[in-house]
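What the coordinates show
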Amino acid sequence: MLRWGDIIAYAKYSNPEPEKRIEKTEEQWQQILLPDQFRILRLKETESPYRNAYCRLYEPGIYVCAGCGNYLFYSKEKYHAISGWPSFTQPISKGAIKYIFDNSYNMNRIEVQCNVCSGHLGHVFPDGPKLGGLRYCINSASMVLLKS
Ligand code: FE
């Protein structure tokens, strides 16, 4: 189980090794992604709270990266965070996600990216429930739910 100290250490020193890496030019990404997926995964924009596909959805399955299919989160780790975005307590594996310090908009946050394709997913915060205390706040459009 990852805790906040692990996240800080990843961002500060080095991220876990992914199983593989996928790299494309931004032009190639633009051709294969839907417009909303491209804006979030590649341009790091944020979708509207509540008006997004997975905020209130609690169907069982696996959330994968909309860019490359990398497995990101189990639905059993999803919880209602009252933030307006789908929120998770833990990633599917340590190597699934990478962590980057993000000081944009005068905030000190930690950005989470897909560790395989470096697509922007959202941010992680230390105010989550359960033992790990993490809240992964993720844009719906950066993921696809594979229902089980
Ligand atoms: Fe990806």
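Figured I'd write up the structure that's included with this text. Each chain has its residues counted from 1, running along the sequence as written. In view of the model being predicted, local features appear only for residues whose pLDDT reaches at least 70, and side-chain atom pairs are presented and counted only at 80 or more, with totals across whole chains, interfaces and linings using the full set of residues. Only hydrogens and water are set aside when side-chain values are computed; all heavy atoms of the structure are taken into account.

Notes on empty space enclosed by the protein
The line we're drawing: Put simply, the grid is 1 Å and covers the protein atoms alone, a cavity is a trapped set of points that fit a 1.4 Å probe, a pocket is an open set with protein on both sides within 12 Å along at least five of seven lines, and lining residues have an atom within 4 Å of a point. Grid points are joined across faces, edges and corners, and a volume is the space filled by probe spheres set on the points.
Under the defined criterion, the tally for this structure stands at one cavity of 30 Å³ or more. Here the largest cavity is characterised by a volume of approximately 50 Å³. Around the largest cavity sit 13 residues that line it, and Cys55, His80, Ala81, Ile82 and Trp85 are the ones nearest its centre.

With respect to the pairing of strand S8 (residues 135-138)
For clarity, the cut-off: Under the scheme applied here, a residue whose accessible area is under 20% of the maximum for its type counts as buried, over 50% as exposed, and between as partly exposed, the area being computed with a 1.4 Å probe on protein chains only. Counting from the N terminus, the helices are the DSSP runs of H or I reaching at least four residues and the strands are the DSSP runs of E reaching at least two. Strands are treated as partners if at least two bridges between them are detected by DSSP.
In S8, alternate side chains face the same way, and those of Arg135 and Cys137 on one face and Tyr136 and Ile138 on the other are all buried. As paired strands, strand S4 (residues 87-88) and S8 are joined by two bridges and run antiparallel to one another. Directly across from Phe88, in S8, lies its bridge partner Tyr136. Of the pairings in the sheet, the one linking strand S7 (residues 120-125) to S8 comprises four bridges and is antiparallel in character. Each residue of the ladder has a partner; that of His123, found in S8, is Cys137.

Section: the coordination of the iron ion
The condition is simple: The rule for donors is simple: N, O or S, within 2.8 Å of the metal, or within 3.2 Å if the metal is Na, K or Ca. Water isn't counted, so a site may look like it is missing partners. When four donors show all angles between 85 and 135 degrees the site is tetrahedral, when four or six donors have opposite pairs over 155 degrees and all other angles between 65 and 115 it is square planar or octahedral respectively, and in every other case it is irregular.
Those donors, Cys65 (SG), Cys68 (SG), Cys114 (SG) and Cys117 (SG), are the protein atoms that reach the iron ion, and they lie 2.3 Å from it. Considering all four donor atoms around the iron ion, angles at the metal cover 100 to 116 degrees and the coordination shape is tetrahedral. Each donor residue of the iron ion lies on the same chain, and together they follow the pattern C-x2-C-x45-C-x2-C. Here Cys114 lies in strand S6 (residues 109-114) and Cys65 lies in strand S1 (residues 61-65), a separation of 49 residues in the sequence. With respect to burial, Cys65 and Cys114 carry one shared label: buried.

Here's the deal with the sheet that holds S1
Stated formally: Fitting a line to C-alpha atoms yields each axis, with helices limited to the stretch in contact; the angle taken between N-to-C directions then spans 0 to 180 degrees.
Reading across from one edge, S2-S1-S9 is the order of the three strands in this open sheet, with antiparallel pairing throughout. Edge strands, defined here as strands with exactly one partner in the open sheet, are strand S2 (71-74) and strand S9 (143-147). Mean inter-strand twist for the sheet, computed between neighbouring axes without regard to direction, equals 30 degrees. Sheet analysis places S1 next to S2, joined by three bridges and oriented antiparallel. From the neighbouring strand, Tyr63 faces S2, where its bridge partner is Phe73.

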